[in-house]
Amino acid sequence: MDILEERRRSSDLGHALRTFTPSPYRGAPPLSAGALNRTVLESQYLRYVTKEVAMETGESVDLVREEASGILDEMSQNLQLGFIRLLGFTLSKVFKRLFSHININQEGLNRLQQAIQESPVILMPNHRSYVDFLVLSYILFTYDLPIPVIAAGIPLMDMKMVGEILRRSGAFFIRRAIGSDKLYWAVLSEYVKTIVRTGYAPVEFYVEGLRSRTLKSLTPKLGMMHMVLEPFLKGEVYDITLVPISISYDRVLEESLLAHELLGVPKPRETTMGLLKARRVLEEDYGSMHVYFGMPLSVRQLTKGRVDRCEYNLLPRDLPQRPSVETQECVSWLAQQVIRVQEQSSILSPWSLMACLVLQDHQNTDPGTQLTGEEREKGLSWELLTQRTLWLKGLAISFGARLDWPEQPPENQVMASSMALHRSVIRCHQGRVTLLEEEGPVGAGPFTTEEGVVRRARAVLMVAAYRNQALHVFIRPAMLALAIHTTRSSQREDIYSYFRFLLDLFSNDFIFITGRSSQDFEEACSLLRKCGAVQTSQQEVTSPEEGQRTTSFLRALLQPFIDAYQVVFSHLCLEDVEVFTERQMVPAVRSLATKLLLSGELTSCDALSSDTQKNVLSALLRLGAVTRLRTAEHSEFRANKPAISRLADTLAGRLPVQTAPNPRL
């Protein structure tokens, strides 16, 4: 259902000023923002922590309590209906300019309305754009549901006027670098827990922590998860409902900015002036936004048999208590479940499928018809792209993807309309589809070959972001296809062993649920068997000739990530690389990747992405191939070159999987 349809037919002012009577969580006492803050400051938990901090620092208790009060004043929201109405009016105007549709699932809203009345609700959207921040509040206001309080980064608070408007619209602000600030952690956790405990309002936060610059899911951050779940773990509420929400875009407002950030351009600081200068985005067409409210998840049901809440009975509830390993693993597992539901609920545009094929052709890894050098220089033919996209559409649907593909216009018209949204990076001229390089400033002189690589990479990474939106659909079958190809074996045991190796290696780039490797393998086998790409028996998994088109496409989807990992491995195995920092590694790897791209040894620009490079470092840390050396100023790392070399050889198929797979899988 398109919520903008009604807005285009009726008064925006009337919509903003209409009667707003949401049904709150049952039993929730009416509480003002000021009363909520007083409850936090007077809590036994915060009293205990302030006394501890006073003893540790030598300051008086009153001084520490005053500091806690200051932290809370800086942090807390001040939700006011008047400002919600103001935002409702403003966002109606803005959204109608930006988007042709904002589609939502009505049954999801109905489920949410029921859940809000039964238990404290945690809204957990993915995070792909700044637009995510207030779209849920706008939707809930439109449908007479309680407005959430929203966890936001402190830079938004510093924006003149805008920060205060956001605060009065329900935002509470969290510092990015809290570190070991015990008092700040205590104030933040007690504030969040009090909101959940009292049912003050639904809590909205991003389980990924940050906006994804690659448009694929990020490894969950668990700090807020622990805070919102603690009232249930301590028996202070009967249940908590998690609502995964998937927000998908045909085109993301910040697409160019995100690509530049991945190539090392610093992120611009959020300012009111910057927001005003960004008004030109209102002149662009961003297609549709899709907001899918997933099935509410009962924490009580999901944690049954996974966590023993009795451990919380051993200490008074008001005392700080470090969660057990069992609890930490359970919280991590819940976060992975939420992200998996977000992925399964995401809506893919035709452009996401086209992006997969355009990039494979650009990297010369496409499994279809080979083009001559002259044809490749001219790009991919529109006719061929249409044929391949329609084939991929069928494959994606058979794998369970949700597609926004209208039935009415001809299919090539649907594709042309979807691609037209991205005319800044791709064009179709005389029947050939080509990527466009970034133009330099007017009057700028000639640029170096290295600068030319970066200009081409910007377009590639912008297209890759939309390819990434579709990766969750194909990733498990792709890993199975790669395992069959790399092991050159038909034995199920050998293929499964390599499949688990890939899951472990790439689990910072793709989200897999802990303890589900066997189910992931069987799911991949089932999907590929259904489309005729593999044949399976109790002992063997084989790929027949008629399945080569599918398996070649799937392997090519993973190839850019394999190449990026191998480039980082190569850099860390150089003789002069011993102890290094992340800040030293990222530009060095980018420089190496640029040289390899210029020489033709590397065809994928994904190796230039700083996020991918950092994911490789995280994977090596997790696998013990890199160790962290903590110093007073920053983290340094030491590379275990033999271990990294073994990983590189195993990934390339030069060595069998020798080490025991990670038991967490």
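Residues numbered from 1 in each chain as written. Predicted model: local features only at pLDDT ≥ 70, side-chain atom pairs only at ≥ 80, totals over all residues. Heavy atoms only, no water.

### What to know about the overall build of the protein chain
1) Next: When helices and strands are counted, the protein chain shows 28 helices and 18 strands.
2) Next: In terms of C-alpha radius of gyration, the protein chain reaches 26 Å, essentially the compact-globule figure of 26 Å for 665 residues.
3) Next: Taking all 665 residues of the protein chain together, the buried fraction comes to 55%.
4) Next: Contacts spanning at least 24 positions in sequence make up 76% of the contacts within the protein chain whose residues lie at least 6 apart.
5) Next: Summed over its atoms, the accessible surface of the protein chain is roughly 29300 Å², and 51% of this surface lies on carbon and sulfur atoms.
6) Next: Each charge class in the protein chain was averaged separately, 74 positive and 75 negative side chains, and the resulting centres sit 2 Å apart. (Helix = DSSP H or I, 4+ residues; strand = E, 2+ residues; numbered from the N terminus. Rg over C-alpha atoms; globule rule 2.2 N^0.38 Å. Buried < 20%, exposed > 50% of the residue type's maximum accessible area, 1.4 Å probe, protein only. Contact = heavy atoms within 4.5 Å. Areas by Shrake-Rupley, 256 points an atom, 1.4 Å probe, with all protein chains shown as cover. Lys, Arg positive; Asp, Glu negative; His and termini not counted. Charge placed at Lys NZ, Arg CZ, Asp CG, Glu CD.)

### Comments concerning the pairing of strand β12 (residues 426-429)
1) Next: Pairing analysis gives 4 bridges linking β12 to strand β13 (residues 432-435), with the strands arranged antiparallel. Bridge pairing in β13 places C428 opposite V433.
2) Next: Taking the residues that link successive antiparallel strands as the turn, the β12-β13 hairpin has 2 residues, and the phi of Q430 there is positive, at about 55°. (Pairing = 2+ DSSP bridges.)

### Re the pattern of salt bridges
1) Next: Evaluation of the coordinates by the stated rule reveals 35 salt bridges.
2) Next: Linking E261 and R213 is a salt bridge whose minimum nitrogen-to-oxygen distance equals 3.3 Å. Here E261 is found in helix α13 (residues 255-262), whereas its partner R213 is found in the loop between β5 (203-204) and α12 (223-233), with 48 residues between them in sequence. For the pair formed by E261 and R213, the shared burial category is buried.
3) Next: Among the salt bridges present, the one from R654 reaches D649, with a minimum N-O distance of 2.8 Å.
4) Next: The structure contains a network of salt bridges with shared partners spanning E190, K193, R197, E230, K234 and E236. (Salt bridge = Lys/Arg side-chain N within 4 Å of Asp/Glu carboxyl O.)

### Quick notes on the pairing of strand β4 (residues 171-174)
1) Next: Burial along β4 is two-sided: the residues A171 and F173 and F172 and I174 are all buried.
2) Next: Pairing of strand β3 (residues 149-153) with β4, which is carried by 4 bridges, proceeds in the parallel orientation. When the bridges of β4 are listed, A151 appears paired with F172.

### Remarks on the sheet that holds β12
1) Next: Taken in spatial order, the 3 strands line up as β10-β13-β12 in an open sheet, and their pairing is antiparallel. Looking at strand neighbours, the two that pair on one side only are β10 (380-381) and β12, the edges of this open sheet.

### Let's talk about the side chain of K641
1) Next: Structurally, K641 is set in helix α28 (residues 641-652).
2) Next: Excluding anything up to four places from it in sequence, K641 contacts L572, C573, L574, E575, V577 and E578.

### Observations regarding the side chain of S137
1) Next: Looking at the element boundaries, S137 is found in helix α8 (residues 132-142).
2) Next: For S137, a relative accessible area of 5% translates into the label buried.
3) Next: Those residues in contact with S137 that sit more than four places away from it in its chain are I147, P148 and I150.

### Considering the sheet that holds strand β18 (residues 635-639)
1) Next: Taken in spatial order, the 3 strands line up as β16-β18-β17 in an open sheet, and their pairing is antiparallel. Edge strands, defined here as strands with exactly one partner in the open sheet, are β16 (579-580) and β17 (626-630).
2) Next: In this sheet, β18 lies alongside β17 in antiparallel orientation, the contact comprising 5 bridges. Across the sheet, R630 pairs through a bridge with S635, a residue of β18.
3) Next: Where helix α27 (residues 610-622) meets the sheet, its contacts fall on β16, β17 and β18, and the angle it forms with β17 comes to roughly 95°. (Axes fitted to C-alpha atoms, helices over the stretch in contact; angles between N-to-C directions.)

### Quick look at the packing of aromatic side chains
1) Next: Tallying each qualifying case throughout the model produces 16 aromatic pairs.
2) Next: Consider the rings of F506 and F510, whose centres lie 6.4 Å apart with planes at 65°: the pair is edge-to-face. Each member of the pair, F506 as well as F510, carries the same accessibility label: buried.
3) Next: Look at F580 and F637: their rings are 5.7 Å apart centre to centre, the planes differ by 35°, and that puts the pair in the tilted class. Remark: F637 occurs in strand β18 and F580 occurs in strand β16; sequence separation between them is 57 residues.
4) Next: Of the aromatic side chains, those joined through ring pairs into one cluster are F506, F510, F561, Y565 and F569.
5) Next: Above the face of the Y130 ring, R211 is positioned so that its terminal group lies 4.3 Å from the ring centre.
6) Next: Sitting above the plane of the F510 ring, K216 keeps its charged end 5.4 Å from the centroid. (Phe/Tyr/Trp six-rings, centres within 6.5 Å; stacked < 30°, edge-to-face > 60°. Lys NZ or Arg CZ within 6 Å of the ring centre and 35° of its normal.)

### Side note on α12
1) Next: With 9 of its 11 residues buried, α12 lies for the most part within the structure.
2) Next: Regarding α12, the residues found buried are M224, M225, M227, V228, L229, E230, P231, F232 and L233.

### Points about helix α20 (residues 411-420)
1) Next: Looking only at α20, the buried set comprises V414, M415, S418 and M419. Each buried residue of α20 lies within a common arc of 125° when the element is viewed along its axis, so the set occupies one face.
2) Next: Considering only its buried residues, α20 is in contact with α17 (350-362), α19 (382-398), β12 and β13. (Arc of directions from axis to C-beta.)

### Quick notes on the environment of I562
1) Next: Within the secondary structure layout, I562 lies in helix α25 (residues 548-572).
2) Next: Measuring from C-alpha to C-alpha, the distance between I562 and W185 comes to 39 Å, with 377 residues separating the pair along the chain.
3) Next: Here I562 is in contact with L482, F506 and L651, once residues within four sequence places are set aside.

### Quick word on the confidence of the model for the protein chain
A low pLDDT score tells you not to read the predicted coordinates there in detail.
1) Next: Overall, the prediction assigns the protein chain a mean pLDDT of 90, with 93% of residues at 70 or greater.
2) Next: Throughout residues 365-376 the model reports pLDDT below 50, and contacts reaching past four residues in sequence, or to other chains, amount to 22 contacts. (pLDDT = per-residue confidence, 0-100.)

### Points about unusual backbone geometry
1) Next: For L215, which is not a glycine, the phi torsion comes out positive at approximately 65°.
2) Next: Assignment of secondary structure puts L215 in the loop between β5 and α12.
3) Next: Here L215 falls in the buried class, since its relative accessible area comes to 4%.
4) Next: Even without being glycine, Q430 reaches a positive phi, approximately 55°.
5) Next: Here Q430 lies in the loop between β12 and β13.
6) Next: A relative accessible area of 71% means that Q430 is categorised as exposed.

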